[in-house]
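Read off the chains here:
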Amino acid sequence: MSAIHELSASELATRYADGTLSPLEVTADLLSHIDAWEPKINAMYRVKRDSALAQARESEARWQSKTPRSALDGVPVTLKENIATRGDPSPIGTRANEDLPPAAEDAPPAARLREAGCVILGKTTMPDYGMLSSGLSSLHGVTRNPWRSDRNTSGSSSGAGAAAAAGYGPLHIGTDIGGSVRLPATHCGIFGLKPSLGRIPVYPPYIGRVAGPMTRSVEDAALLLNVLARPDARDFMSLPYDATDYAAALEGRDVTGLRIGILTDMNVGLPVHAEIRAATEAAAQALAAAGARVEAMGTFLSAELLDGMTRFFEARSYSDIVALTPKRRAKILPFIVEWCSHRAKKFKGRDVMAAYNAYVALRDATVRATQPYDYVISPTSPILPYAAELPCPGNDPHDALPHIAFTVPYNMSEQPAASINWTASEDGLPIGVQVIGRRFDDLGVLQLARVLEGLRPAQRAWPEH
């Protein structure tokens, strides 16, 4: 019999329906599980103990009266702390915002969870402003990888990745503007979906920014997407509502004849680790053995385009920090201040427009390169998890984003992309591969990821505290 923290969302719903488990029993067990893990990994910003137990009691009553609000009624979930929840602060990972007032309303993902009857366990950690792929924050401290506590979770959905790997319930939600769902997913050995821009309404909307499921299985991500993809008028970039049941349509995808590109080198940024390259090639070979047509694909990203996107992010963050008082600015992680200001403080209008134009050019290049294929397979990250205390690989504030070359293009092109764990390195560190689809084909990415889930090598047992 599986422990409660090992149960999937669908398993929990089945057991709620047959009365062999209750939402209150599950929530209480998970809160104890979190208490045991937290001193080791620091994945939570806030644990909403009292409100979670109250929500669980209400859900239990609904199941007993056979009136659940959804298939996920009573299923526990965490949200990244930058996703506003009514009555809680959202400091975006930085001490500069530690005294901001609580949010007056739920952001769209939180609102959809409450409507579905989910139990919100709390909020997960993130680095300052969410702009580095790390578990280091001036406010939250260091979030550590459950597989090895000396290793980084990556980020910026650092706490969500750690919480999923450690079994803080089956469902977690992160956000992604350059890889912030997929990078923690690969480094924590879980599944993470960056949906098409607008598939999951968010607030405030921004270029390339999405919310996405982070789970231990593809099925749980599909169940969560069913809830999160419902409409919300606050997101002016949201897509027209599509009532697809992603979970129901997950199984049975025939890959025979699919044209799949395999991209193992971007030739910019960090070089690809040999074990990561081998895992990507093995995933592609497994699809070929299942009937897909797999073709080698060349890079479409230049050093100039990647640097342009870096300048775009620097200008965005520098604009945020120069608006702060000196007292508040002094509370930000110094690495972040140096990273975003060393060039941006000298930018003129034409420099900012050049950075914006790099975003447009990258979008064009990404769509052109991937359009011939039904799907593309690539590494999610070129590197294995690095040291937990570092703000980025290499610890260089003047070159802080060389590891996002495989992820950031699909934020700009608005295409769905997911990271699924494939295997582990010789040192026992997770290795994920990325699945990229055409714009709007979120279902296809989930289906292909589900196929890979069935083809991949046997997975290790999840880490225990």
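Anyway, here's the lowdown on the structure attached to this text.

Rules used in this analysis
Residues numbered from 1 in each chain as written. Predicted model: local features only at pLDDT ≥ 70, side-chain atom pairs only at ≥ 80, totals over all residues. Heavy atoms only, no water. Pairing = 2+ DSSP bridges. Helix = DSSP H or I, 4+ residues; strand = E, 2+ residues; numbered from the N terminus. Axes fitted to C-alpha atoms, helices over the stretch in contact; angles between N-to-C directions. Contact = heavy atoms within 4.5 Å. Salt bridge = Lys/Arg side-chain N within 4 Å of Asp/Glu carboxyl O. Buried < 20%, exposed > 50% of the residue type's maximum accessible area, 1.4 Å probe, protein only. Polar contact = N/O pair within 3.5 Å; in protein donor to acceptor, adjacent residues only side chain to side chain. Phe/Tyr/Trp six-rings, centres within 6.5 Å; stacked < 30°, edge-to-face > 60°. Lys NZ or Arg CZ within 6 Å of the ring centre and 35° of its normal.

### Looking at the sheet that holds strand β8 (residues 171-176)
Logical step 1: The strand order across the open sheet built from 11 strands is β1-β3-β2-β8-β10-β9-β14-β15-β13-β11-β12, with neighbouring strands paired in mixed fashion. Looking along the sheet, the strands with just one partner apiece sit at the ends: β1 (44-47) and β12 (293-296). Direction aside, the axes of adjacent strands within the sheet are offset by 25° on average.
Logical step 2: Sitting on the sheet, helix α3 (residues 49-64) touches β1 and β3 (119-124), and the angle it makes with β3 is about 155°.
Logical step 3: Where helix α8 (residues 274-289) meets the sheet, its contacts fall on β11 (259-262), β12, β13 (375-379), β14 (417-424) and β15 (430-437), and the angle it forms with β15 comes to roughly 50°.

### Structural notes on the pattern of salt bridges
Side chains that differ in charge, positive against negative, can pair when their charged atoms come close.
Logical step 1: Throughout the structure, instances matching the rule amount to 27 salt bridges.
Logical step 2: A salt bridge links Arg144 to Glu389, with the shortest nitrogen-to-oxygen separation between them at 2.9 Å. Pair noted here: Arg144 is in strand β6 (residues 144-145) and Glu389 is in the loop between β13 and α13 (408-413), with a separation of 245 residues, a long-range link.
Logical step 3: Taking the relative accessible area as the measure of exposure, Glu389 reaches 42% and is therefore partly exposed.
Logical step 4: Among the charged side chains, a network of salt bridges with common partners joins Glu105, Arg112, Glu115, Asp232 and Arg234.

### Some words on the side chain of Thr125
Logical step 1: Position of Thr125 among the secondary structure elements: in the loop between β3 and β4 (136-137).
Logical step 2: Of the polar contacts made by the side chain of Thr125, one reaches the side chain of Thr143; its length is 2.7 Å.
Logical step 3: Sequence-distant contacts of Thr125, defined by excluding residues within four places in its chain, comprise Asn42, Ala43, Met44, Tyr45, His140, Thr143, Ser156, Ser157, Ser158 and Gly159.

### Side note on unusual backbone geometry
Logical step 1: Following Gly155, the chain continues to Ser156 via a peptide bond in cis, the omega torsion being 15°.
Logical step 2: Along the polypeptide, Ser156 turns up in the loop between β7 (148-152) and α5 (158-166).
Logical step 3: Of note, the amide linkage connecting Tyr203 to Pro204 takes the cis form, showing an omega dihedral of 0°.
Logical step 4: Looking at the element boundaries, Pro204 is found in the loop between β9 (191-194) and β10 (210-215).
Logical step 5: Here the phi dihedral of Lys66 falls at roughly 60°; this positive angle occurs in a residue that is not glycine.
Logical step 6: Under the relative-accessibility criterion, Lys66 is labelled exposed at 69%.
Logical step 7: Backbone geometry places Tyr129, a non-glycine residue, at a positive phi of 60°.
Logical step 8: Assignment of secondary structure puts Tyr129 in the loop between β3 and β4.
Logical step 9: Assessed through its relative accessible area of 13%, Tyr129 is described here as buried.

### Quick look at the environment of Arg253
Logical step 1: Mapped onto the elements, Arg253 comes out in the loop between α7 (218-228) and β11.
Logical step 2: Residue class for Arg253 comes out partly exposed when judged on its relative accessible area of 27%.
Logical step 3: Along the chain, Arg253 and Val142 lie 111 residues apart, while their C-alpha atoms are 40 Å from each other.
Logical step 4: Setting aside anything within four residues of it in sequence, one finds Arg253 in contact with Leu258, Tyr375, Gly444, Gln447 and Val451.
Logical step 5: Polar side-chain contacts of Arg253 include one of 3.1 Å to the side chain of Tyr375.
Logical step 6: Polar contacts involving the side chain of Arg253 include one to the side chain of Gln447, which spans 2.8 Å.

### Topic: the packing of aromatic side chains
Logical step 1: Counted according to the given criterion, the structure contains six aromatic pairs.
Logical step 2: Centroid distance Phe312 to Phe313: 5.9 Å. Interplanar angle 70°. Geometry classified as edge-to-face.
Logical step 3: You can call Phe313 buried: its relative accessible area is 2%.
Logical step 4: Members of the aromatic cluster, connected to one another through ring pairs, are Phe312, Phe313, Tyr356 and Tyr359.
Logical step 5: For the cation-ring pair, Arg316 lies above Tyr206, with the distance from its terminal atom to the ring centre recorded as 4.3 Å.

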